[in-house]
Amino acid sequence: MTRDFDVAILGAGSAGYACALRAAQLGLRVALVDEGQVGGTCLHRGCIPTKAWLQAAKVRRTVAKAPSFGVLASLDGVDAAAVKGYADSVVGSLFKGLTGLVASRGITVIPERGRLVSDDGRGPGIETGGRTHRAGAVVIATGAAPVTLGLPVDGTRIITSEEALRLDALPGSAIVLGGGVIGVEFASMWADLGVKVTLLEATDRLLPAEEPGHSRILAKELARRGVDVRLGTSLTEATATDAGVRVLAGDAELTADLLLVAVGRKPSSSGLGLEEAGIGITATGHVVVDERLQTSARGVYAAGDLVSGPQLAHRGYAHGIYLAERIAQLQGAFAGTPTLPRDSDIPRVTYSSPQLASVGLTASQAGADAEVVDYHLTGNGRAQILRAPGEREIGVVRLVRRGGGQIVGMHVIGEDVSELIAEGALLVGWQAAPEDVAGIVHPHPSLGEAVAEANWALAGQPLHMHS
Ligand SMILES: Cc1cc2nc3c(=O)[nH]c(=O)nc-3n(C[C@H](O)[C@H](O)[C@H](O)COP(=O)(O)OP(=O)(O)OC[C@H]3O[C@@H](n4cnc5c(N)ncnc54)[C@H](O)[C@@H]3O)c2cc1C
Ligand SMILES: NC(=O)c1ccc[n+]([C@@H]2O[C@H](COP(=O)([O-])OP(=O)(O)OC[C@H]3O[C@@H](n4cnc5c(N)ncnc54)[C@H](O)[C@@H]3O)[C@@H](O)[C@H]2O)c1
């Protein structure tokens, strides 16, 4: 039977393009269909541009406190158009590299809107512009889009993260709706760039999935930098006005130049032909899959933000790589063992100031026999060097161990601590016990020593820590 491709992928974001790259590497003939640009949300409208804006915010904060390090500098302001230019240049350079890589692996990119076509005996397919591309397997990876709660999003006064990243002038004031990852990153970044920010969160804490103590530290730290953090506050009405936006939230009426709506992202699963193919979609819009990411339609799989669980780029990569190997295995092109990581082993980072990073279980999720160690970065030489003199050190590394056995969680908060979580992912993913890793030497002075110190404490041999 002649098929156009071994695998056809709908959506070229983190999940889709990772699947394409790995499948091509394994010798499969691959089609990658996307109506937008290869790289998807993360590269063009998500991870990369937000982190570039956060870096600009950090530079401004650093310049503002330069004199306390003995360096004389003056802060003249922020040129938002130039910051956007810098963010665009980072995206552009990564995009160039990615498109070159995709081309070098012989992947056929189809730059069109597509939809699933059921298996008619020749395999499932993707239809684009009246043409059907049949394949041995189809991967659906169409991602997610902002939830707007029916608010009148106009892209100017009432916006989502998509428009926020395209601003070439900063607002004087902003209301951020939602104290999840997007809300917290924008609130932190805008506050550091000089915007007056009000942050509204419906639950009683920011970043509800993180350790409660770390949520409290974050809220306090944002408030210290001028963010008006309002917890337990839902918005009831938002109206764009000539001057900006008017918002009713709880008993308060608030005004600002703009409102950023950041209350979650809904899977983009409708209008793709999935229901017609008999594929289950949950009330939240997630595609129903089994433990191998297979849908109920033969030869059709789903990956990334479409699948219930943390909406993270690196989870998308892991799904894509797994599916490429699984499909290649079924087609006789891969002899290895494809492994799909558990969602609980996937690390998360919020790149605000301070940063929060975590992997595995929180202390309360670990249960009654959990042992917890908090190593405060006040005892860490590198942390002391990084913070401005006179500033209070608020960083903490928390390790959670279950019943005298393996480490099941690591949760950190502090400046520049995001890179530490890769070690946490190794500890949790390899089910290490503190005694197993107590002999691993960490460089001095480094933030990583805080992880070693927490491990030593759990192994009953704390060094720079009172027992
Ligand atoms: C502001 C923001 C910041 C973020 N920061 C981070 C971060 O720092 N770290 C992190 O891990 N995650 C971050 N994320 C989340 C991350 O971007 C997503 O988890 C990731 O992009 C999901 O990948 P995906 O492949 O599932 O979907 P996407 O990347 O959304 O890709 C889906 C692709 O499908 C295409 N598509 C959809 N429908 C069709 C169709 N019918 N036909 C053709 N093409 C179609 C779209 O054009 C898109 O390119 C952030 C998200 C946002 C919004
Ligand atoms: N650094 C990163 O990894 C990163 C950065 C940005 C986005 N993302 C991903 O994008 C996804 C979407 O981010 P998000 O922040 O939009 O969603 P989220 O689910 O992380 O947070 C949404 C927040 O909005 C609150 N909320 C909901 N309705 C509300 C209302 N009516 N009033 C006030 N608050 C309300 C929720 O309680 C929650 O805290 C996340 O799941 C995340 O995984 C990741």
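These figures come from a predicted structure and were not determined experimentally.

Engineer: Could you clarify how one ought to interpret the UniProt feature "binding site: FAD" (unreviewed entry) in the protein in this entry?
Structural biologist: The UniProt record marks K51 and G114 with the feature "binding site: FAD" (unreviewed entry), using the residue numbering of this structure. What stands out for the annotated residues spanning 64 residues is how far apart their C-alpha atoms range, the widest pair being 30.4 Å apart. Among the structural elements, K51 can be located in helix α3 (residues 47-64). By C-beta crowding, K51 is classed as partly exposed, having 16 other C-beta atoms within 10 Å. Tracing the backbone shows G114 in the loop between β3 (108-110) and β4 (115-117).

Engineer: Just checking my understanding: could you explain helix α1 (residues 14-25) for this structure?
Structural biologist: Structural remark: α-helix, 3.6 residues per turn; residues separated by three or four positions point the same way. Between its terminal C-alpha atoms α1 stretches 16 Å, which fits the 16 Å expected from twelve residues at 1.5 Å a residue. Counting buried positions along α1 gives eleven out of twelve residues, so the element sits mostly inside the fold. Where α1 is buried, its residues meet β1 (5-10), β2 (30-33), α2 (40-45), α4 (80-104), β6 (131-140) and α8 (313-330).

Engineer: Sorry, what's going on with the UniProt feature "domain: Pyridine nucleotide-disulphide oxidoreductase dimerisation" (unreviewed entry) in the protein here?
Structural biologist: Under the present numbering, the feature "domain: Pyridine nucleotide-disulphide oxidoreductase dimerisation" (unreviewed entry) in UniProt falls on residues 346-454. In residues 346-454, the share of helix is 27% and the share of strand is 28%. The end C-alpha atoms are 21 Å apart.

Engineer: So what exactly am I meant to see when it comes to the site of ligand 2 here?
Structural biologist: Around ligand 2 sit 27 residues in total, of which G178, G180, I182, A202 and V263 are the nearest. Of all elements in the fold, only α6 (181-192) and β18 (348-350) reach the threshold of two or more residues within the shell around ligand 2. Classifying every residue of the shell around ligand 2 gives 14 nonpolar, nine polar and four charged. The residues that make up the shell around ligand 2 include at least three from each of domain 1 (5-146 + 267-330) and domain 2 (158-263).

Engineer: Whenever I open this one, the sheet that holds strand β12 (residues 235-240) confuses me. Can you help?
Structural biologist: Taken in spatial order, the three strands line up as β12-β13-β14 in an open sheet, and their pairing is antiparallel. Looking at strand neighbours, the two that pair on one side only are β12 and β14 (252-256), the edges of this open sheet. Adjacent strand axes in the sheet meet at a mean angle of 15°, parallel and antiparallel pairs treated alike.

Engineer: Any chance you could explain the packing of α1 against α8 here in plain terms?
Structural biologist: Between two packed helices, what matters for the description is the angle formed by their axes and the separation of those axes. One can describe the packing of α1 onto α8 by two numbers: an axis separation of 7 Å at closest approach and a directional angle of 35°. Here α1 runs over α8; the crossing is right-handed. Residues S14, A15, G16, A18, C19, R22 and A23 of α1 form the contact with α8, whose own contacting residues are A313, G316, Y317, H319, G320, I321, L323, A324, E325, I327 and A328. Taken together, the residues of the contact of α1 with α8 sort by class into eleven nonpolar, five polar and two charged.

Engineer: Explanation requested: the sheet that holds β18 in the structure shown.
Structural biologist: What the five strands build is an open sheet, ordered β18-β19-β22-β21-β20; its pairing is antiparallel. Of all the strands in the sheet, the pair left with one neighbour each is β18 and β20 (370-376). For this sheet, the mean inter-axis angle between neighbouring strands, taken without regard to orientation, is 10°. Each of β18, β19 (355-360) and β22 (407-414) is contacted by helix α11 (residues 421-429), which is oriented at about 170° to β22, the strand it contacts most. Against the sheet, helix α13 (residues 449-458) makes contact with β20 and β21 (396-402), and its axis sits at roughly 140° relative to β20, the strand it touches most.

Engineer: Would you mind going over the pairing of strand β9 (residues 173-177) with me for this structure?
Structural biologist: Remark: a regular strand shows side chains that alternate across the two faces of the sheet. Burial runs high along β9: four of the five residues are buried. Bridge count for β9 against strand β10 (residues 196-200) is five bridges, and the pairing is parallel. In the sheet register, A174 faces β10, and the bridge partner there is V197. Read from β9 through α6 to β10, the crossover connection turns out right-handed. As defined by bridge partners, β9 adjoins strand β15 (residues 258-261) across four bridges and the pair is classed as parallel. Bridged to A174 within β15 is L258.

Engineer: Looking at this structure, how should I read α3?
Structural biologist: With 18 residues, α3 extends 26 Å from end C-alpha to end C-alpha; this agrees with the ideal 26 Å at 1.5 Å per step. Within the sequence span of α3, burial applies to I48, P49, T50, W53, L54, A56 and A57. For α3, the secondary structure elements touched by its buried residues are α2, α4 and α6.

Engineer: Explanation requested: the domain arrangement of the protein in the structure shown.
Structural biologist: Think of interface size as the accessible area that goes away when the parts come together; that is how it is often given. When the domains of the protein are assigned, the result is domain 1 (5-146 + 267-330), domain 2 (158-263) and domain 3 (354-458). Inter-centroid distance (C-alpha atoms) of domain 1 to domain 3 is 31 Å.

Rules and cut-offs
- Residues numbered from 1 in each chain as written.
- Chains lettered and ligands numbered in written order.
- Predicted model: local features only at pLDDT ≥ 70, side-chain atom pairs only at ≥ 80, totals over all residues.
- UniProt positions renumbered as here; feature names shortened; annotations may be inferred.
- Helix = DSSP H or I, 4+ residues; strand = E, 2+ residues; numbered from the N terminus.
- Buried ≥ 20, exposed ≤ 12 C-beta atoms within 10 Å, placed from the backbone.
- Expected span 1.5 Å × (residues − 1).
- Contact = placed C-beta atoms within 7 Å.
- Near = placed C-beta within 6 Å.
- Nonpolar A, V, L, I, M, F, W, Y, C, P; charged D, E, K, R; others polar.
- Domains from an automatic or database assignment.
- Pairing = 2+ DSSP bridges.
- Axes fitted to C-alpha atoms, helices over the stretch in contact; angles between N-to-C directions.
- Left-handed = near helix turned anticlockwise from the far one by under 90°.
- Right-handed = clockwise from strand over helix to strand, strands pointing away.

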